[in-house]
Every structure is written in structure tokens, then in C-alpha cells.
Amino acid sequence: QVQLVESGGGLVQAGGSRRLSCAASGNIFKIGVMGWYRQAPGKQRELVASITRGRSTNYADSVKGRFTISRDNAKNTVYLQMNSLKPEDTAVYYCRALADPNIPYWGQGTQVTVSS
């Protein structure tokens, strides 16, 4: 009942920046915490950053200081601003939302490739 549509992925040079967006639709009033995950080839999917409805944030150590997660509740959209990108950041990035009663919804994923 919640759909997530991601945009902003693509190819970027090391040291560059990229901004991902995730727009939610459907029963948006039920959405609580939202987050960004990523999965590189041969690796487990990992949490990159999360943000609550009250805009409390949490980051993986590997991206802290470089990435910023934010959300616009009026636009039902969550963002991930990625700066100082490294080749190690190359992965498929997924948007996730939890909707009451704690039902997870996932976006389709967007590829981010950082070239050296």
C-alpha cells in the first residue's frame, strides 16, 4: 500500500557528489522511519543511513561525515546527499520505509557507480 520511487543514481567520479531521492506514495500517513541501504556485488545489504519522522538520524561509520540523509514530510520524500564519493561506495542503493504496523516497503534500487 506504500510505493517508493527512487531517482538520482548514475555514474560519478571519485570525489564528486550525488543526490538520491525517494518519493513515497500510497498510505503515506502510516510511514515512520525511512532509510537508505546499499548492496555491492558479493556483499550483504547494509544500512547506510536512517531518519525518523522527528528527523533523528543515524549513519554507518563508513559514510559518516560524507553523506547526509534528510526528509521532507510535506513532499513525502527522503533524500541522500552523497559527497566525497569513493569507489567503495559503488553499489545498488535502496530506499526503505516502515509503515505502521511495522511493515517494510522497498524501492526498486538505483545503481551508483563511482569511478576512480
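Placed above this text is the structure.
Being a predicted model, the structure only gives us computed values, none of them experimental.

Caption draft 1: How the structure looks around the nonpolar core. Among the nonpolar cores identified, the biggest contains 29 residues, and Leu-4, Trp-36, Leu-80 and Tyr-93 are the most heavily contacted of them. Of all the elements in the fold, those that place two or more residues in this core are strand 1 (2-7), strand 3 (18-26), strand 4 (31-39), strand 5 (46-51), strand 7 (67-72), strand 8 (77-82), strand 9 (91-99) and strand 11 (110-115). Top element by residues in this core is strand 9. It accounts for five residues.

Caption draft 2: How the structure looks around the sheet that holds strand 8. With respect to topology, four strands assemble into an open sheet ordered 1-3-8-7, the strand pairing being antiparallel. At either margin of the open sheet sits one strand with a lone partner, and together these are strand 1 and strand 7. Sheet twist, expressed as the mean angle between neighbouring strand axes with direction ignored, is 15°. Pairing of strand 3 with strand 8, which is carried by six bridges, proceeds in the antiparallel orientation.

Caption draft 3: Inspection of the packing of aromatic side chains at higher detail. Considering all chains together, one arrives at two aromatic pairs under this definition. Ring geometry for Tyr-94 and Trp-106: centres 6.4 Å apart, planes at 85°, overall edge-to-face. Of the two residues, Tyr-94 sits in strand 9 while Trp-106 sits in strand 10 (residues 103-106), which places them 12 residues apart along the sequence. Take Trp-106: its relative accessible area is 37%, and that puts it in the partly exposed class. Taken together, Tyr-37, Tyr-94 and Trp-106 form an aromatic cluster joined through their ring pairs. The ring of Tyr-79 carries Arg-19 above its face, with NZ or CZ at 4.1 Å from the centroid.

Cut-off values and rules
- Residues numbered from 1 in each chain as written.
- Predicted model: local features only at pLDDT ≥ 70, side-chain atom pairs only at ≥ 80, totals over all residues.
- Heavy atoms only, no water.
- Core = buried A, V, L, I, M, F, W, Y, C linked by side-chain atoms within 4.5 Å.
- Buried < 20%, exposed > 50% of the residue type's maximum accessible area, 1.4 Å probe, protein only.
- Helix = DSSP H or I, 4+ residues; strand = E, 2+ residues; numbered from the N terminus.
- Pairing = 2+ DSSP bridges.
- Axes fitted to C-alpha atoms, helices over the stretch in contact; angles between N-to-C directions.
- Phe/Tyr/Trp six-rings, centres within 6.5 Å; stacked < 30°, edge-to-face > 60°.
- Lys NZ or Arg CZ within 6 Å of the ring centre and 35° of its normal.

Any functional reading would require information beyond the geometric quantities listed.
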